[in-house]
Amino acid sequence: MKTQRTLPSQDVSPQRLYRTAQREIFWWSMVALVWIATALHFALPAPVSAQAAARVDVAKIDSSIDMFTQGYVERVLGVARDDGAQALVIQLDTPGGGLEATYEIIKDILASNVPVVVYVSPSGARAGSAGVFITYAAHIAAMAPGTNIGAAHPVGLGGEEITGTIGSKVTNDAVAHIRGYAGTRGRNSDWAEKAVRESVSITEKEALNIHVVDLVAADMNDLLNQLDGRALTVNDRQVTLATRGATVHNLDMNFFEEFFHRLLDPNIALILLNIGSLAILVELYHPGVTLPAVIGVICLTLAAVALFNLPTNWAAVILIVAAIIMFVLDLKVTSLVLTAGAIIAFVLGAFFLFRPFTPPEPTAPDISASPFVIGGLAALTASFFIFVLGAAVRSRRAPVVSGTAPLWGASGIATTDLNPFGTVLVKSEHWSATTDQPPIHKGERVRVTAVEGLKLRVVKTE
């Protein structure tokens, strides 16, 4: 008898169908909501509260203007352009610097697509000499309370007055440049010319009253609030600044910019020159050590970079070289005259290394080594030659004390009985010995009368 197979029954009641439909509607609704939210997120602009805040980049120049400062400004202008900053604020405090580096910075500012604001701050800061040119070239010039600007008369590398036809040419060229910047930015060109020709200087209040600068701001936040809404022309393009509440990003010098910029400090340059010279002398007196040679080459190379970028007085360099030569001669012929002359030559050379023999202009930045650094290096150099290299030279001149010659006449103690052979202790060493006066007992004192190869001949002493 065949058994009939039956399929399990299926629940196709209206209630089950209704619940299934509810679930499907729910999940498809969720998918639709997610899709709509994603589409709106990418299609619609973000509300104002969710948008990124405006950005303002800040660079800082707080020392003399040089070629490395110019490279720093060029880099931060590129960063401000790439990150879409509303403006680049250059916080300026400088006594001045080289005209060539200054003109390169101004070229970068004039070509910038980002508004450049020069802000002379903090209180007590100044925009002197080259700083006046940079301030005049900026799209907006601002100063903090208690600051000053001016004294832009061109001077020589050491701060000395440039006289004659060359002086007139340099001054007239500087006047033409700064009047051009004043005309471009709508600032007081007559005062700018006086700042160059007569080295006049004024406070922030006077600068604002005669339209040398555009505004006076107590701090960075006050500056950004005053800049907000200002309309500018940047490379034939109208720009309205939106800086209120902007995020401030400080763009400091990177390691290499800071290193080479600080390398142009007169004190550091003098220290490198001194250390490099001493290290090379050590290598010459002790060939093959290698480490002093490496240190000397590195220090002298860095010193050369500084010397060729600072207002170096090469006559002073000759004095320093002469001082080292006299120190070396003093090692050969000990003389207080040579020592004193070397110290005097070194101090004079270091003092005038970065300043002219004639008095500098009162408005020129002070580029010179500190008297404390000069005194310390003079003492170090004299001590090095007198004690360190002097000891090395004296050791070379001392008689050779190797071999058995120093044993003649030396006293010792018998460590065994000598009858006639045995051992003795002489100059903390054990020697085979023989005597013509046997016996000599252990512990008795002996004196060396002769050295025969590696054997001593001794006699007994009281």
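Above this text is the structure in question.
This section reports on the structure supplied with the text. (Residues numbered from 1 in each chain as written. Predicted model: local features only at pLDDT ≥ 70, side-chain atom pairs only at ≥ 80, totals over all residues. Heavy atoms only, no water.)

1. What about the sheet that holds strand β7 (residues 201–203)?
Quick reminder of the rule: A pair of strands is considered paired only if DSSP assigns at least 2 bridges between the two. By the criteria applied, helices consist of DSSP H or I runs no shorter than four residues and strands consist of E runs no shorter than two, each listed in order from the N terminus. Whenever a helix is involved, its axis is fitted only over the stretch in contact; in every case the axis is a line through C-alpha atoms, and angles between N-to-C directions fall within 0 to 180 degrees. Residues are treated as being in contact if the distance between any of their heavy atoms lies within 4.5 Å.
Sheet architecture is open: 3 strands sit in the order β4-β6-β7, paired in mixed fashion. Each edge of the open sheet carries a strand with a single partner, namely β4 (126–128) and β7. Mean inter-strand twist for the sheet, computed between neighbouring axes without regard to direction, equals 15 degrees. Packing of helix α4 (residues 130–137) onto the sheet brings it into contact with β4 and β6 (148–150), and relative to β4 it is tilted by some 105 degrees.

2. Description of a nonpolar patch on the surface
Put simply, the rule reads: Think of a patch as exposed residues, more than 30% relative accessible area, with no salt bridge, where like charges cluster within 9 Å and nonpolar side chains (Val, Leu, Ile, Met, Phe, Trp, Tyr) cluster within 5 Å. Computed by Shrake-Rupley with a 1.4 Å probe, the accessible areas treat only the displayed protein chains as cover when residues are assessed. The working definition used for a salt bridge is a side-chain nitrogen of Lys or Arg within 4 Å of a carboxyl oxygen of Asp or Glu. Burial classes: relative accessible area under 20% of the type maximum marks a residue as buried, over 50% as exposed, and values in between as partly exposed (1.4 Å probe, protein chains only).
A surface patch of nonpolar side chains, about 310 Å² in accessible area, is lined by Ile271, Ile275, Leu291 and Ile295. For the nonpolar patch, the secondary-structure elements that each account for two or more residues are α10 (266–285) and α11 (291–307). Structurally, Ile275 can be placed in helix α10. Relative accessible area serves as the criterion here: at 37%, Ile275 is assigned to the partly exposed category.

3. A look at the pairing of strand β13 (residues 421–426)
Burial of the side chains of β13 is restricted to one face: Gly422, Val424 and Val426 are buried, whereas none of Phe421, Thr423 and Leu425 on the reverse face is. Of the strand pairs in this sheet, strand β12 (residues 411–414) and β13 are connected by 3 bridges, and their pairing is antiparallel. Within the sheet, the bridge partner assigned to Ala414 lies in β13 and is Val424. Bridging between β13 and strand β14 (residues 429–435) involves 6 bridges; their strand directions are antiparallel. Residue pairing for β14: Phe421 is matched across the bridge by Thr434. Count of turn residues in the β13/β14 antiparallel hairpin: 2 residues, of which Lys427 carries a positive phi of about 55 degrees.

4. A closer look at the packing of aromatic side chains
What counts, and what does not: Two rings from Phe, Tyr or Trp (for Trp, the six-membered ring) form a pair when their centres sit within 6.5 Å of each other. Planes less than 30 degrees apart are called stacked, planes more than 60 degrees apart edge-to-face, and all others tilted.
With the rule as written, the count across this model stands at 8 aromatic pairs. Centre to centre, the rings of Tyr103 and Phe133 are 6.3 Å apart; their planes meet at 70 degrees, and the pair counts as edge-to-face. Of this pair, Tyr103 sits in helix α3 (residues 99–110) while Phe133 sits in helix α4, and the two are 30 residues apart along the sequence. Taken individually, Tyr103 and Phe133 each receive the classification buried, so the pair is uniform in this respect.

5. A word on helix α8 (residues 220–227)
Our working rule: Throughout, the arc means that of the directions going from the helix axis to the C-beta atoms. Each polar contact in these results corresponds to two N or O atoms within 3.5 Å; when the atoms are within protein, one needs to be able to donate a hydrogen and the other to accept it, and residues that are neighboring in sequence are counted only if both atoms are side-chain atoms.
Along α8, the residues that are buried comprise Met220, Leu223, Leu224 and Leu227. For α8, the buried positions fall inside an angular range of 95 degrees around the axis, keeping them on one side. At its buried positions, α8 is contacted by β1 (55–61), β2 (87–92), β3 (116–120), β5 (140–143), β8 (215–216) and β11 (247–250). Taking the backbone nitrogen of Asn221 as reference, a side-chain oxygen 3.3 Å away marks Asp219 as the first, capping residue of α8. Where α8 ends, the next residue or the one after it, Gly229, has phi of about 85 degrees, a positive value.

6. Some points on the pairing of strand β16 (residues 455–460)
Regular strands show a simple pattern: their side chains alternate between the two faces of the sheet. Here β14 runs beside β16; their pairing, made up of 4 bridges, is parallel. Within the sheet, the bridge partner assigned to Thr435 lies in β16 and is Val458. Bridge count for strand β15 (residues 445–452) against β16 is 6 bridges, and the pairing is antiparallel. Opposite Glu452, over in β16, you have Lys455 as the bridge partner.

7. What about the packing of α10 against α11?
The condition is simple: Roughly parallel covers angles under 35 degrees, roughly antiparallel covers those over 145, roughly perpendicular covers 65 to 115, and oblique covers all other angles. Left-handed describes a crossing in which the near helix is turned anticlockwise from the far one by less than a right angle; the clockwise case is right-handed. Ten residues, namely Ala, Val, Leu, Ile, Met, Phe, Trp, Tyr, Cys and Pro, are considered nonpolar, four, namely Asp, Glu, Lys and Arg, are considered charged, and the remaining ones, Gly among them, are considered polar.
At a minimum axis distance of 7 Å, the contact between α10 and α11 shows a crossing angle of 150 degrees. When the interaxial angle is binned, α10 and α11 end up roughly antiparallel. Crossing angle aside, the handedness with which α10 passes α11 is left-handed. Of the residues in α11, those touching α10 at Ala269, Leu272, Leu273, Ile275, Gly276, Ser277, Ala279, Ile280, Val282 and Glu283 are Pro292, Ala293, Ile295, Gly296, Val297, Cys299, Leu300, Leu302, Ala303 and Ala306. Of the residues assigned to the contact of α10 with α11, the class counts are 16 nonpolar, 3 polar and 1 charged.

8. Quick notes on the sheet that holds β8
The strand order across the open sheet formed by 6 strands is β8-β5-β3-β2-β1-β11, and the pairing between neighbours is parallel. Lying at the two open borders of the sheet, with one neighbouring strand each, are β8 and β11. Of the strand pairs in this sheet, β3 and β5 are connected by 4 bridges, and their pairing is parallel. Across the sheet, residue Val118 finds its bridge partner in β5, namely Ala141. Here α4 sits on the sheet and contacts β2, β3 and β5; the angle it forms with β3, its principal contact strand, is near 140 degrees.

9. Overview of the environment of Leu353
Take Leu353: it is sitting in the loop between α13 (336–351) and α14 (371–397). Judged by relative accessible area, Leu353 falls into the buried class, the value being 0%. Expressed as a C-alpha distance, the spacing of Leu353 and Pro266, which sit 87 residues apart in the sequence, is 8.6 Å. Look past the residues within four positions of Leu353 in its chain and what remains in contact with it is Leu270, Leu307, Pro311, Thr312, Asn313, Ala316, Val317 and Ile320.

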